[in-house]
Amino acid sequence: MTAKEFKTPISDKSILIGPDSGYDNIIFAIESSCDETAAAIVKNGREVLSNIVASQIKTHIEFGGVVPEVAAREHLEAINLVIAQAFEQANLTPNDITAFAATVGPGLVGSLLVGLNAGKALALAHDKPFIGVNHLNAHVCANFLNTDLKPPFIALLISGGHTQIIEVKNFLEQKIIGETIDDAIGEAYDKVARLIGLPYPGGVNLDKLAQTGNKFAFKLPEAKLQNEYDFSFSGLKTASLQLIQNLKKTFIELPKADIAASFQENVSSVLLKKTKKAADNINTKTIVLSGGVAANSEIRKKFFALQNNGYKVYAPEMKFCTDNAAMIASSAYFLAGTMDSLDVEVFSRM
Ligand code: KG4
Ligand code: ZN
């Protein structure tokens, strides 16, 4: 049964949450693990009643990346307004909410603390259960928003901090069968973007530039690993650096778009090959993309092309690929990676 008993913090009442709870669950969730302050209200894990995201990109541009102390302060400044807007957009009040949820980790500790404490305070003030949510599980759950997706499936989680192939057996049972042994894919995107001279946020800027380049211009290496589902991107990063240094010797103007396109071709092919193999080996035809890098145009194109070969491919809508709170609410409802107490503490890494 996918339902779990939670307690209200003051009156100690039992509340069932989950698809088998037997009634509509309206979950209010907060996300603040990195550089987005977000709040959302989601009905039964799929129906988004409101979704507010305050991005800090403008602040971090001048530093060329996310500065943790600055991020935490910005979350503090934005959080109350974002929460109020989430209620307003859904036209609901705290009384209508079944439970409050917030991201517990992994992420930047100072940033997480802001959202987690706001979520706990709301739960306490309105005597509703509090549900702590794992950010990584939530990225996968973004695929339940506005769809009818059900496990089993293979999920590829590609974000700024993680690269994993996950076997999702049912709503509660997930197994990581492959992951990066060094850099995360988003990190590789951001580092190569910086090498080419693109501004923060690197991933999306590299993606845009790549679309104007020749993806077969340069051949970059692919790591050979013991576990066929594992990834390694540090060699690719070094090879990209060497390529750029060599090209600088011969070209007056660096062929940036061709480098970006060749890099993107390399990583998207590797992701596709390994994920497809995992799906074939566990005998599923359903493949699910998740995480910020799932917004990438070439990766989406390659994976969606699998639909011509009988696969069912899901990727979150663009606004649900990068960090948002609707996915946190969905994860809380489907109980994927949840921690259920007001005592739960933030954590930075898995
Ligand atoms: O999931 P996310 O928002 O935050 C984490 O949980 O890490 O992912 C952020 C990552 C960043 O590295 C960013 O550069 C990358 O996702 N990203 C992209 C694109 N949009 C965001 N990478 C490649 N192509 C994109 N279109
Ligand atoms: Zn994320």
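Placed above this text is the structure.
The numbering scheme is per chain: residues are counted from 1 as the chain's sequence reads. Chains carry letters from A onward and ligands carry numbers from 1 onward, assigned in written order. It should be noted that, the model being predicted, local features are given only for residues of pLDDT at least 70 and side-chain atom pairs only at 80 or more, the latter also being counted only at that level, while totals for whole chains, interfaces and linings use all residues. Heavy atoms throughout the structure, all of them, feed into the side-chain values; hydrogens and water do not.

Tell me about the coordination of the zinc ion (ligand 2), residues and numbers included.
Those protein atoms acting as donors to the zinc ion (ligand 2) are His135 (NE2), His139 (NE2) and Asp323 (OD), and they sit at 2.0 to 2.1 Å. Metal-coordinating donors are taken as N, O and S atoms lying within 2.8 Å of the metal, or within 3.2 Å when the metal is Na, K or Ca; because water is left out, some sites can appear incomplete. All donor residues of the zinc ion (ligand 2) come from one chain, and their arrangement in sequence is H-x3-H-x183-D. Separated by 188 residues along the polypeptide, His135 in helix H4 (residues 135-141) and Asp323 in the loop between helix H10 (318-321) and helix H11 (326-334) bring together distant segments of the chain. A residue is classified by how much of its surface remains accessible, and His135, at 6% relative accessible area, is buried. Only protein chains enter the accessibility calculation, which uses a 1.4 Å probe; a residue whose area is less than 20% of its type maximum is buried, one above 50% is exposed, and one in between is partly exposed. By relative accessible area, which is 13% here, Asp323 ends up buried. For helices the rule is a DSSP run of H or I covering at least 4 residues; for strands it is a run of E covering at least 2, with both sets numbered from the N terminus onward.

Talk me through the environment of Leu149; I want residue IDs and the actual numbers.
Within the secondary structure, Leu149 sits in the loop between H4 and strand E8 (153-158). The exposure class of Leu149 is buried, given its relative accessible area of 1%. Sequence separation of Leu149 and Arg46 is 103 residues, and the distance between their C-alpha atoms is 9.7 Å. Here, two residues are considered to be in contact whenever any of their heavy atoms come within 4.5 Å of each other. Not counting the four nearest positions on each side in its chain, Leu149 is found in contact with Arg46, Asn143, Phe144, Thr286, Val288 and Tyr314.

Any chance you could break down the sheet that holds strand E12 (residues 312-314) for me, citing the residues and the numbers?
Spatially, the five strands line up as an open sheet ordered E10-E9-E8-E11-E12, and their pairing is mixed. Looking along the sheet, the strands with just one partner apiece sit at the ends: strand E10 (174-179) and E12. Each neighbouring strand pair of the sheet contributes to a mean axis angle of 20°, computed without reference to strand direction. By definition, two strands form a pair when at least two bridges between them are found by DSSP. Two strands pair when backbone bridges link them, and strand E9 (residues 163-168) and E10 are joined in this way by five bridges, in the antiparallel orientation. Counted as the bridge partner of Ile166 is Ile176 from E10. Here the axes come from fitting lines to C-alpha atoms, over the contacting stretch only for helices, and the angles between their N-to-C directions go from 0 to 180 degrees. Contacting E8, strand E11 (286-290) and E12, helix H9 (residues 297-304) runs over the sheet at an angle of about 175° to E11.

A description of the packing of aromatic side chains should follow, citing residues and the corresponding values.
Each aromatic pair joins two rings of Phe, Tyr and Trp (for Trp, the six-membered one) with centres within 6.5 Å, and gets the label stacked for planes under 30 degrees apart, edge-to-face for over 60, and tilted for any other angle. A full pass over the atoms with the stated rule returns nine aromatic pairs. Seen in terms of ring centroids, Phe144 and Phe334 are 4.6 Å apart; in terms of plane orientation they differ by 50°. Their pairing is tilted. With Phe144 in the loop between H4 and E8 and Phe334 in helix H11, the pair connects residues that are 190 residues apart, well separated along the chain. By way of ring pairs, the aromatic residues Phe144, Phe153, Phe171, Tyr333 and Phe334 are connected into one cluster. The lysine or arginine in question, Lys274, covers the ring of Phe231, its NZ or CZ lying 5.5 Å from the ring centre. Lys285 extends its terminal NZ or CZ atom over the ring of Tyr311, reaching a point 4.2 Å from the ring centre. Whether a charge sits over a ring comes down to the Lys NZ or Arg CZ being within 6 Å of the ring centre and within 35 degrees of the ring normal.

Lay out the site of ligand 1 with the relevant residues and their values.
Neighbouring ligand 1 are 18 residues, the closest being Gly160, Asp190, Asp207, Gly292 and Asn296. Contact distances for ligand 1 include 3.0 Å between a nitrogen atom and a side-chain N or O atom of Asn296. What sets the accessible areas is the Shrake-Rupley method with a 1.4 Å probe; for residues, cover comes only from the shown protein chains. Contact with the protein chains removes 86% of the 560 Å² of surface that ligand 1 exposes when unbound. When residues are sorted by character, Ala, Val, Leu, Ile, Met, Phe, Trp, Tyr, Cys and Pro go into the nonpolar class, Asp, Glu, Lys and Arg into the charged class, and all the rest, Gly among them, into the polar class. The class makeup of the residues in the shell around ligand 1 is four nonpolar, 11 polar and three charged. Throughout, near means a residue has at least one heavy atom within 4 Å of the molecule or strand. Pairs of N or O atoms are called polar contacts if they sit within 3.5 Å, as long as, within protein, a hydrogen donor faces a hydrogen acceptor (for residues adjacent in sequence, only side-chain-to-side-chain pairs).

So, the sheet that holds strand E4 (residues 36-43): which residues are in play, and what are the values?
Reading across from one edge, E5-E4-E3-E6-E7-E13 is the order of the six strands in this open sheet, with mixed pairing throughout. Strands with a single pairing partner mark the edges of an open sheet, and in this sheet they are strand E5 (47-55) and strand E13 (338-339). Sheet topology note: the strand E3 (residues 26-31)/strand E6 (residues 99-105) ladder contains four bridges and is parallel. Bridge pairing links Ala29 to Ala101 in E6. Along the sheet, helix H3 (residues 109-126) makes contact with E3, E6 and strand E7 (130-134), crossing E6 at roughly 160°.

Quick one: what's the story with the pairing of E6, residue by residue and with numbers?
Consecutive residues of a regular strand have side chains that alternate between opposite faces of the sheet. With seven of seven residues buried, E6 lies mostly within the body of the structure. Bridge analysis of E6 against E7 gives five bridges, and the strand direction is parallel. By the bridge assignment, Thr103 is partnered in E7 with Val133. Orient the strands so they point away from the viewer, and a crossover whose first-strand-to-second-strand path over the helix runs clockwise is right-handed. Crossover E6 to E7 through H3 is right-handed.

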